[in-house]
Structures are given as C-alpha cells and as structure tokens.
Amino acid sequence: MITAKGKQLDWHEGLTVREVLDILGYNFPSVLVQVNGTIVRQKAWDSAVVPDEARVEVRPIIAGG
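Report on the accompanying structure. Just so you know, these numbers come straight off a predicted model, no measurement behind them.

1. Here we look at the overall build of the protein chain
- Scanning the protein chain from terminus to terminus reveals 1 helix and 5 strands.
- Secondary structure elements of the protein chain, listed N to C terminal, follow the sequence β-β-α-β-β-β.
- Relative to a compact globule of 65 residues, whose C-alpha radius of gyration would be 11 Å, the protein chain shows 11 Å and is just as compact.
- Here the protein chain, with 65 residues, has 35% of them falling under the buried criterion.
- Pairs at least 24 residues apart make up 54% of the contacts formed inside the protein chain by residues separated by at least 6 positions.
- Just so you have it, the protein chain exposes about 4400 Å², and 50% of that area is on carbon and sulfur atoms.
- Across the protein chain, the mean location of the 7 positive side-chain charges is 13 Å away from that of the 8 negative side-chain charges.

2. Comments concerning the environment of G25
- For G25, the location among the structural elements is in the loop between α1 (17-24) and β3 (31-35).
- Accessibility expressed as a relative area gives 52% for G25, which makes it exposed.

3. Describing the sheet that holds strand β2 (residues 7-9)
- A sheet is described by the order of its strands in space; here 5 strands give the open sequence β2-β1-β5-β3-β4, paired in mixed fashion. One side of each edge strand has no neighbouring strand; the edge strands of this open sheet are β2 and β4 (38-40). Mean inter-strand twist for the sheet, computed between neighbouring axes without regard to direction, equals 30 degrees.
- Here strand β1 (residues 2-4) pairs with β2 via 3 bridges, running antiparallel.

Scoring rules and cut-offs
- Residues numbered from 1 in each chain as written.
- Predicted model: local features only at pLDDT ≥ 70, side-chain atom pairs only at ≥ 80, totals over all residues.
- Heavy atoms only, no water.
- Helix = DSSP H or I, 4+ residues; strand = E, 2+ residues; numbered from the N terminus.
- Rg over C-alpha atoms; globule rule 2.2 N^0.38 Å.
- Buried < 20%, exposed > 50% of the residue type's maximum accessible area, 1.4 Å probe, protein only.
- Contact = heavy atoms within 4.5 Å.
- Areas by Shrake-Rupley, 256 points an atom, 1.4 Å probe, with all protein chains shown as cover.
- Lys, Arg positive; Asp, Glu negative; His and termini not counted.
- Charge placed at Lys NZ, Arg CZ, Asp CG, Glu CD.
- Pairing = 2+ DSSP bridges.
- Axes fitted to C-alpha atoms, helices over the stretch in contact; angles between N-to-C directions.

Purely geometric numbers; function is a separate question.
The following block contains the structure:
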C-alpha cells in the first residue's frame, strides 16, 4: 500500500508516478509531485518507480498575483 493525497492505494511492483496520477484522476501537467519528500520532475513521471509504503504528495501549481 501507498498513501497518495491522503488515500490508501494498492501498490504493485513497478508502480510509476504516472500511474499514481492516473489513479488519482490527474490529467494535467501543472502539479508538483513528491515521493517520500523528494520532488519528481514531470519528465520522470513515466519512469519514476514508487516504492511500497511510500507517501506521495500532489500539489497543484497555481500562478497568480
């Protein structure tokens, strides 16, 4: 199991950040993703593997003034 956005999600070998975002329903690139406190850049979402028992934080990037 992993925790993502406060929800418990099933984990499987090779689970990627992109898969977690898909499960959570994110389909836009303007988010900041952290896995166990480490930022994962967008270009690595397809290859970055989420370990079992990880904590994934997803925060929208909001511009404004």
